[in-house]
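For reference, the chains in residue letters:
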Amino acid sequence: MANYKPVTHVIFDMDGLLLDTEKIYKQTFNEVLQNYGKEYTDDVRVKVVGCAAKDTFVIIKENTGVDVDPEQLRKEAHAKLLDRMRSAPLMPGAERLVRHLKNNNIPIAVATNSGGEEFEVVSARHKELFDLFHHIVCGSRDPEVKVGKPAPDIFFVCASRFDEKPKPEQCLVLEDSFNGVKGAYSAGMQVIMVPDPIIPPEKRTLATKVISSLNEFKPEEFGLPPFSD
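All values reported here derive from a predicted model rather than from experimental measurement. In every chain, residue numbers begin from 1 and rise along the written sequence. Whole-chain, interface and lining totals are the exception, using all residues; otherwise, since this is a predicted model, local features are given only for residues with pLDDT of at least 70 and side-chain atom pairs are given and counted only at 80 or more. For side-chain calculations, the full set of non-hydrogen atoms in the structure is used, while hydrogens and water are omitted.

Q: I keep staring at the packing of aromatic side chains and nothing clicks. Help me out?
A: Centre distance and the angle of the planes are the two values used to describe a pair of aromatic rings. Pairing of aromatic side chains here covers Phe, Tyr and the six-membered ring of Trp, requires ring centres within 6.5 Å, and sorts the geometry by plane angle: under 30 degrees stacked, over 60 edge-to-face, intermediate tilted. Tallied over the full model, the rule gives 8 aromatic pairs. For the pair Y4 and F222, a centre-to-centre distance of 4.7 Å together with 15° between the ring planes defines the contact as stacked. Of this pair, Y4 sits in the segment before β1 (9-12) while F222 sits in the segment after β6 (209-210); the two residues are 218 residues apart in sequence, bridging distant segments of the chain. For the pair F119 and F130, a centre-to-centre distance of 5.5 Å together with 85° between the ring planes defines the contact as edge-to-face. Taken together, the residues span a long stretch of sequence, with F119 in helix α6 (residues 116-123) and F130 in helix α7 (residues 127-130) at a distance of 11 residues. Comparing F119 with F130 shows no difference in burial state: the two are buried. These aromatic residues form a ring-pair network of at least three members: F12, F119, F130 and F133. By definition here, charges over rings are those cases where NZ of Lys or CZ of Arg is within 6 Å of the ring centre and within 35 degrees of the ring normal. Over the ring of F178 we find K203; its NZ or CZ atom is 4.2 Å from the centre of that ring. The way it works is that DSSP assigns letters per residue, a run of H or I at least four long becomes a helix, a run of E at least two long becomes a strand, and they are numbered from the N terminus. Only protein chains enter the area calculation, which uses a 1.4 Å probe; residues under 20% of their type maximum are buried, those over 50% are exposed, and those in between are partly exposed.

Structure representation (structure tokens):
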């Protein structure tokens, strides 16, 4: 078994990790780009997944060559995204893990690049589950998060808001994207990656461990209480 370090606090990403939203982003961004004769390819998706919301359409414009202002692209996608996000389901193993950690008094939080409005819409269906988290940091609206993922800022801010204010090495991050993993790694935290299949092998190397589903996560490897079932 790999020599993982024990942790005391766990930080979750949201999109693509707790909630199955990446298909919604893919469908919506592709529809917007097709209006201009462009396509939201997997190569572009890899660069976008997990990045700060304000950077998303800048990256899309730079990598597709679409001759439209990024803010215009954002406006065209916004209403469709909010409508579709209302029905986003939980990812496999998400509820089981969150409830297990909460029931065992492990401090948990969410660090997402999503904006406040997006978070309120996408989390509404699962309010009972999100209420279990000690706090939620929405990087796109939080004044303390100066730079979004892949910068480490959001993880430092998230850790500082736990009552115990744990050191980076005491925190375990759960992420699905390269941008999120890079941010957590830069923050000095161990990070479990549950990657989208489009993420190439070379963009998984910074992760402490890579698993295909949260159902594969073994808390005891990081000094956390094991599942009883």
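What follows continues from the structure just given.
Q: Explanation requested: helix α9 (residues 178-186) in the structure shown.
A: An α-helical turn contains 3.6 residues, so any two residues separated by three or four positions project in the same direction. Among the residues of α9, F178, N179, G180, V181, G183 and A184 are the ones counted as buried. We call two residues in contact whenever any of their non-hydrogen atoms come within 4.5 Å of each other. Of the surrounding secondary structure, the elements contacted by the buried residues of α9 are α2 (42-48), α8 (153-160), β4 (171-175) and β5 (190-193). Following α9 by one or two positions, G188 has its phi on the positive side, about 80°.

Q: Any chance you could explain helix α1 (residues 22-34) here in plain terms?
A: Between its terminal C-alpha atoms α1 stretches 18 Å, which fits the 18 Å expected from 13 residues at 1.5 Å a residue. For α1, the set of buried residues is E22, I24, Y25, T28, F29, N30, V32 and L33. Contact partners of the buried residues in α1: α2, α3 (53-64) and α4 (70-85). Here the expected length of a helix is defined as 1.5 Å per residue gap, with one fewer gap than residues.

Q: Is there a simple way to explain the nonpolar core in this structure?
A: Looking at soluble globular proteins, one finds that nonpolar side chains tend to be buried together. Among buried residues, the Ala, Val, Leu, Ile, Met, Phe, Trp, Tyr and Cys ones that are joined through side-chain atoms within 4.5 Å form a nonpolar core. Counting residues in each nonpolar core, the largest one holds 53 residues, and the members touching the most others are F12, L18 and F29. Residues A109, I154, M189 and I199 belong to the second largest nonpolar core, which totals 23 residues.

Q: It is not clear to me how the pattern of salt bridges should be interpreted in this structure. Could you clarify?
A: A side chain with one charge can pair with a side chain of the opposite charge if their charged atoms come near. By definition, a salt bridge exists where a carboxyl oxygen of Asp or Glu is found within 4 Å of a side-chain nitrogen of Lys or Arg. Within this structure, the stated rule accounts for 14 salt bridges. Close ionic contact of R99 with E95 constitutes a salt bridge, the shortest N to O distance being 2.8 Å. Taken together, the residues span about one helical turn, with R99 and E95 both in helix α5 (residues 94-103) at a distance of 4 residues. Given a relative accessible area of 26%, R99 falls into the partly exposed group. Of the residues examined, E95 reaches a relative accessible area of 34% and is grouped as partly exposed. For K149, the salt bridge identified is with E175, shortest N-O distance 2.7 Å. Placement of the pair is K149 in the loop between β3 (135-138) and α8 and E175 in strand β4, with a sequence separation of 26 residues. According to the relative accessible area criterion, K149 is buried, its value standing at 2%. Its relative accessible area of 1% is what places E175 among the buried residues.

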